[in-house]
Amino acid sequence: MLKNKKTVFFCKECGYESSKWMGQCPGCKAWNSFTEETVVQPKAHSGGSTLRPAQEPVILNKVSFSEEMRRTSGIGELDRVLGGGIVPGSLVLVGGDPGIGKSTLLLQVCRNLAASDVSVLYISGEESVRQIRMRADRIGTFTDRMELLCETNLQSIRGIIEKKKPQIVVIDSIQTMYDEEVGTAPGSVSQVRESTNVLMQLAKGLGVMIFIVGHVTKEGNVAGPRVLEHMVDTVLYFEGDRYASYRILRSVKNRFGSTNEIGVFEMGNEGLSEVANPSEYLLSGRPENASGSVVACSMNGTRPILVEIQALVCQSNLGIPRRTTVGTDFNRVNLLMAVLERKAGLALGSSDAYVNIAGGMKMSEPAIDLGICLAIASSYRDIVIPDSVMVFGEVGLSGEIRAVGMADQRVSEARKLGFSTVILPEVCRSSVKHPEGIRLEYVSHIRDAIRLLRN
Ligand code: TYD
Ligand code: MG
């Protein structure tokens with residue numbers, strides 16, 4: 001019996017496996033993330049894939065599939081992030097910090113699906129049926145197609161899913177599920193992996209669509225959702241400031257659609273509601289006639305999003321000037337400041353600089369470079385950039401403004417939101433198909449862009 005057992009160490013952040021303990025994980029570079037677990041060799045498992053009959057190869061062209069097989073979740077922003085709707089037989093991981101609204105979102109999806117006569121089973125290992133009912137009452141009325149189950153034993157769950165054959169299953173959360181055969185505590189890396197494995201077999205075998213909730217944990221012995229990222233079809237992360245009311249659902253992996261797509265929601269008293277026009281939402285409350293502020297555009301999947309970039313540059317009292325960034329890459333801002341110093345003649349060497357993407361959004365696309373540069377220049381020179389100006393473009397190390405993709409969509413979004421001028425790279429001139437109705441200022445060097453500020 002002992003032969004089948006061995007002790008291994010897992011990184012609870014990313015699932016890296018090692019035979020000895022390590023202080024830092026070589027996979028994800030997290031410190032002190034290894035936990036010791038006893039794993040049972042697969043031989044000791046009963047059942048499993050070996051008992052299934054071998055599959056015959058089929059001709060690719062004879063496999064029937066149509067886009068209509070996708071089902072809408074009744075929430076447009078979620079459908080967009082999923083790549084156009086729910087795919088039967090897929091396994092979707094919804095990760096996020098505790099309390100961000102994962103259970104609320106999935107309960108709303110269940111409500112919509114149950115209302116369109118889809119059988120839904122919501123399995124919770126965290127809350128009692130009464131607690132779920134309380135939350136459900138805030139969200140709205142449910143039809144009888146929606147069933148609840150409070151269970152954490154995976155073999156019982158498997159039995160019930162196989163018997164009832166629901167079309168949609170929600171597992172809330174994967175860290176509370178356990179399989180007796182694994183023999184470690186719920187939430188350990190091997191439990192989380194094995195449970196996901198069982199769920200995947202159910203999803204593919206029965207064609208049920210399964211949503212898995214995974215908490216992002218900061219400490220303790222609980223494995224994070226990254227451990228199962230490679231096993232599922234789609235990985236969505238729910239982000240946002242717990243104190244701000246809006247939330248962003250981001251897809252980081254999607255076998256059935258594009259990644260990097262985002263959906264924006266607002267948490268209210270009756271659950272989450274969609275924010276159909278995030279740019280408008282993010283730009284509301286912008287200061288008027290203030291220097292150091294400019295609107296930039298970043299593409300998120302297929303959608304352009306306009307955000308306000310703020311910069312504050314002031315004389316430093318310290319030997320080494322202080323630089324702080326919120327919502328964007330720190331090193332990138334330092335690089336852009338060096339470019340501004342050498343190529344545009346701004347003496348920033350002894351200035352403190354603070355750069356902030358307003359509204360708590362995180363942006364890393366190089367297309368916001370020009371926005372960051374102009375916000376810094378505007379604050380340094382104390383020149384106001386008019387509210388009606390939007391900018392985009394990548395800035396290179398020689399100060400050149402480089403091309404970015406989808407220039408036409410960005411210009412259209414600016415026009416739609418009532419901007420009158422767009423500052424964009426010269427090299428994008430040919431890709432703007434509809435230049436009418438808006439003033440376009442093409443620039444090829446950062447110096448030219450800063451010169452525009454004076455006029
Ligand atoms: P929840 O879905 O329980 O988070 P998770 O499952 O990710 O841990 O979200 C809980 C938070 O949302 C909690 O702070 C209360 C808040 N909330 C509202 O503000 N309005 C609502 O209608 C609901 C249902 C929750
Ligand atoms: Mg929850």
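Residues numbered from 1 in each chain as written. Chains lettered and ligands numbered in written order. Predicted model: local features only at pLDDT ≥ 70, side-chain atom pairs only at ≥ 80, totals over all residues. Heavy atoms only, no water.

1. Some details on the domain arrangement of the chain
Split by domain assignment, the chain resolves into domain 1 (1-40), domain 2 (69-276) and domain 3 (281-454). Between the C-alpha centres of domain 2 and domain 3 the distance comes to 38 Å. At the junction of the two partners, domain 2 supplies 15 residues and domain 3 supplies 11 residues. Buried area between domain 2 and domain 3, both sides added, is near 990 Å², and the carbon and sulfur share of it is 45%. (Domains from an automatic or database assignment. Contact = heavy atoms within 4.5 Å. Buried area = accessible area lost by both parts, 1.4 Å probe.)

2. Overview of the packing of helix α7 (residues 330-343) against helix α8 (residues 369-381)
Where α7 meets α8, the closest approach of the two axes is 10 Å, and the angle between their N-to-C directions is 60 degrees. Classed by the angle they form, the pair α7 and α8 counts as oblique. Our pair here, α7 against α8, has a crossing hand that is right-handed. Within the contact between the two elements, α7 uses R332, V333, L336, M337 and L340 and α8 uses D369, I372, C373 and I376. When its residues are assigned to classes, the contact of α7 with α8 shows seven nonpolar, no polar and two charged. (Axes fitted to C-alpha atoms, helices over the stretch in contact; angles between N-to-C directions. Helix = DSSP H or I, 4+ residues; strand = E, 2+ residues; numbered from the N terminus. Parallel < 35°, antiparallel > 145°, perpendicular 65-115°, else oblique. Left-handed = near helix turned anticlockwise from the far one by under 90°. Nonpolar A, V, L, I, M, F, W, Y, C, P; charged D, E, K, R; others polar.)

3. Brief notes about the sheet that holds strand β1 (residues 5-11)
A sheet is described by the order of its strands in space; here three strands give the open sequence β2-β1-β3, paired in antiparallel fashion. The open sheet terminates on both sides in strands that have one partner only, identified here as β2 (17-18) and β3 (34-40). Bridge count between β1 and β2: two bridges; the pairing is antiparallel. What sits directly across from F9, in β2, is S18. (Pairing = 2+ DSSP bridges.)

4. Concerning the sheet that holds strand β21 (residues 439-443)
Taken in spatial order, the seven strands make up an open sheet running β15-β16-β14-β13-β17-β20-β21, and their pairing is mixed. Every interior strand has two partners, whereas the edge strands, β15 (323-326) and β21, have only one. The mean angle between the axes of side-by-side strands here comes to 25 degrees, regardless of whether they run parallel or antiparallel. Inspection of the sheet shows strand β20 (residues 421-425) paired to β21 by five bridges, in the parallel sense. Within β21, the position partnered with I423 by the bridge is E441.

5. Details of the pairing of strand β13 (residues 293-300)
When you tally the buried positions in β13, you get eight out of eight residues, the bulk of the element. Of the two faces of β13, both are covered, the one formed by S293, V295, C297 and M299 as well as the one formed by V294, A296, S298 and N300. Strand direction decides the pairing type here: β13 and strand β14 (residues 303-315), joined by eight bridges, are antiparallel. For V295, the partnering residue across the bridge sits in β14 and is E308. Connecting β13 to the antiparallel partner β14 that follows it, the hairpin turn spans two residues, and G301 within it adopts a positive phi of roughly 65 degrees. The pairing of β13 with strand β17 (residues 389-391) spans two bridges and is parallel. Paired with V295 across the strands is M390, a residue of β17. (Buried < 20%, exposed > 50% of the residue type's maximum accessible area, 1.4 Å probe, protein only.)

6. Here's the deal with the site of ligand 1
The environment of ligand 1 is formed by 16 residues, the closest being G99, S103, T104, G268 and G271. For ligand 1, the protein covers 77% of the area, taking 560 Å² as the surface of the free molecule. Residue assignment for the shell around ligand 1 shows that the elements contributing at least two residues are α2 (102-115), α3 (129-139) and β11 (262-268). Counting residues per element, the shell around ligand 1 draws most heavily on α2, which supplies three residues. The class makeup of the residues in the shell around ligand 1 is three nonpolar, eight polar and five charged. (Near = heavy atom within 4 Å. Areas by Shrake-Rupley, 256 points an atom, 1.4 Å probe, with all protein chains shown as cover.)

7. Considering the nonpolar core
Counting residues in hydrophobic clusters, the biggest one holds 45 residues, and the most contacted among them are I309, L340, M361, L370, L374 and I376. Top element by residues in this core is α8. It accounts for seven residues. Of the domains in this structure, domain 2 (69-276) and domain 3 (281-454) are the two that each give at least three residues to this core. If we ignore the near neighbours within four places in the chain, the residues touching I376 are A311, V313, V333, M337, L340, L348 and V355. Counting 32 residues, the second-largest nonpolar core is a separate cluster that includes C110, A114, I132 and F238. (Core = buried A, V, L, I, M, F, W, Y, C linked by side-chain atoms within 4.5 Å.)

8. Some points on empty space enclosed by the protein
All told, the structure shown has two cavities of 30 Å³ or more when counted by the stated rule. Taken as a whole, the largest cavity spans an internal volume of roughly 50 Å³. The wall of the largest cavity is formed by R286, P287, N289, A290, S293, V294, V295, I385, P386, D387 and V389. Ranked by the residues each element gives to the lining of the largest cavity, the list is headed by β13, at three residues. The residue inventory of the lining of the largest cavity, partitioned by class, reads seven nonpolar, two polar and two charged. There is about 40 Å³ of room inside the second largest cavity. In this structure, the second largest cavity is lined by R70, L82, G85, I86, V87, S90, V92, M209, T234, N254 and F256. A breakdown of the residues in the lining of the second largest cavity according to their chemical character gives six nonpolar, four polar and one charged. (1 Å grid on protein atoms, 1.4 Å probe; cavity = no way out; pocket = protein on both sides within 12 Å on 5 of 7 lines; lining within 4 Å. Points joined across faces, edges and corners; volume = space filled by probe spheres on them.)

9. What to know about helix α4 (residues 154-164)
Of all the positions in α4, only L154, I157 and I161 are classed as buried. Projected down its long axis, α4 carries its buried residues within an arc of 55 degrees, all on one side. For α4, the N-terminal capping position is held by N153, with its side-chain oxygen 2.9 Å away from the main-chain nitrogen of Q155. Of the residues one or two after α4, K165 is the one with positive phi, at around 45 degrees. (Arc of directions from axis to C-beta. Polar contact = N/O pair within 3.5 Å; in protein donor to acceptor, adjacent residues only side chain to side chain.)

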